[in-house]
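One letter stands for each residue in the lines below.
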Amino acid sequence: MAITRVWIKEGCVSCGMSEVLCPEVFKIKKDEGSRVIDGVDYSLLEKKIKDASSSCPVQVIMYDED
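How each quantity is defined
Residues numbered from 1 in each chain as written. Predicted model: local features only at pLDDT ≥ 70, side-chain atom pairs only at ≥ 80, totals over all residues. Heavy atoms only, no water. Helix = DSSP H or I, 4+ residues; strand = E, 2+ residues; numbered from the N terminus. Rg over C-alpha atoms; globule rule 2.2 N^0.38 Å. Buried < 20%, exposed > 50% of the residue type's maximum accessible area, 1.4 Å probe, protein only. Contact = heavy atoms within 4.5 Å. Areas by Shrake-Rupley, 256 points an atom, 1.4 Å probe, with all protein chains shown as cover. Lys, Arg positive; Asp, Glu negative; His and termini not counted. Charge placed at Lys NZ, Arg CZ, Asp CG, Glu CD. Salt bridge = Lys/Arg side-chain N within 4 Å of Asp/Glu carboxyl O. Core = buried A, V, L, I, M, F, W, Y, C linked by side-chain atoms within 4.5 Å. Arc of directions from axis to C-beta. Phe/Tyr/Trp six-rings, centres within 6.5 Å; stacked < 30°, edge-to-face > 60°. Lys NZ or Arg CZ within 6 Å of the ring centre and 35° of its normal. Pairing = 2+ DSSP bridges.

A. Here's a closer look at the overall build of the protein chain. In terms of helices and strands, the protein chain carries two helices and four strands. In sequence order, the secondary structure elements of the protein chain are arranged as β-α-β-β-α-β. For a compact globule of 66 residues, the expected C-alpha radius of gyration is about 11 Å, and the protein chain comes in at 11 Å, within 12% of that figure. Principal-axis analysis of the C-alpha atoms gives the protein chain an extent of 30 × 20 × 20 Å. Counting every position in the protein chain, which comprises 66 residues, the buried fraction comes to 29%. For the protein chain, contacts bridging at least 24 residues in sequence account for 59% of all contacts bridging at least 6. Per element, the accessible surface of the protein chain, about 4,300 Å² overall, is 50% carbon and sulfur. Of the side chains in the protein chain, 9 bear a positive and 12 a negative charge, and the two mean positions are spaced by 4 Å.

Structure, rendered in C-alpha cells:
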C-alpha cells in the first residue's frame, strides 16, 4: 500500500517531532503548529511518515493509503 495523502488534524502542540523525523514532509510554523509541505512525493518517505505519525504525542498526524 502506498501513502496517497498526509494531513494534520487540529490539536498540534508544536513539539517538533514530525519535522525532526521527516523534514521532507513536515514543517513547524511558529504559533501555527506543524504543516504538511505541498507537492512532496511520499513514495520514498512512507516509513518516515508512519514513524512521525506514531511518535506524535497528540496523535494528529494522519495519512491515507491505497
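B. Representation of the pattern of salt bridges within the structure. Applying the stated criterion across every chain, the model contains five salt bridges. Across the salt bridge formed by lysine 27 and glutamate 19, the nearest N and O atoms sit 3.5 Å from each other. Assessed through its relative accessible area of 37%, lysine 27 is described here as partly exposed. The salt bridge involving glutamate 24 is made with lysine 48; its shortest N-O contact spans 2.6 Å. In this pair, glutamate 24 sits in the loop between α1 (17–21) and β2 (26–29) while lysine 48 sits in helix α2 (residues 46–55), placing the two residues 24 residues apart along the sequence. Glutamate 24 sits in the partly exposed class, given a relative accessible area of 35%.

C. Spatial organisation of the nonpolar core. Val6, Val25, Phe26, Val36, Tyr42 and Ile49 are the most contacted members of the largest nonpolar core, which totals 13 residues. For this core, the secondary structure elements donating two or more residues are β1 (3–8) and α2. Leave out the neighbours within four places in its chain, and phenylalanine 26 touches Val6, Ile8, Ser18, Glu19, Ser34, Arg35, Val36, Ile37, Ala52 and Ile61.

D. Structural detail: α2. Inspection of α2 places Glu46, Ile49, Ala52 and Ser53 among the buried residues, and these make up the whole buried set. All buried residues of α2 project into a common sector of 130 degrees when viewed along the axis, lining one side. Every exposed residue of α2 that faces more than 90 degrees away from the buried side is listed here: Lys47 and Ser54. If you follow the buried residues of α2, they end up packed against β1, α1, β2 and β4 (61–65).

E. Summary view of the packing of aromatic side chains. The full count for this structure, using the stated rule, is zero aromatic pairs. The residue whose ring lies beneath arginine 5 is tryptophan 7, and the NZ or CZ to ring-centre distance is 3.7 Å.

F. Representation of the pairing of β2. Bridging between β2 and strand β3 (residues 33–36) involves four bridges; their strand directions are antiparallel. Bridge pairing links lysine 29 to glycine 33 in β3. Adjacent in sequence and paired antiparallel, β2 and β3 are bridged by three residues, among which aspartate 31 carries a positive phi angle near 65 degrees.

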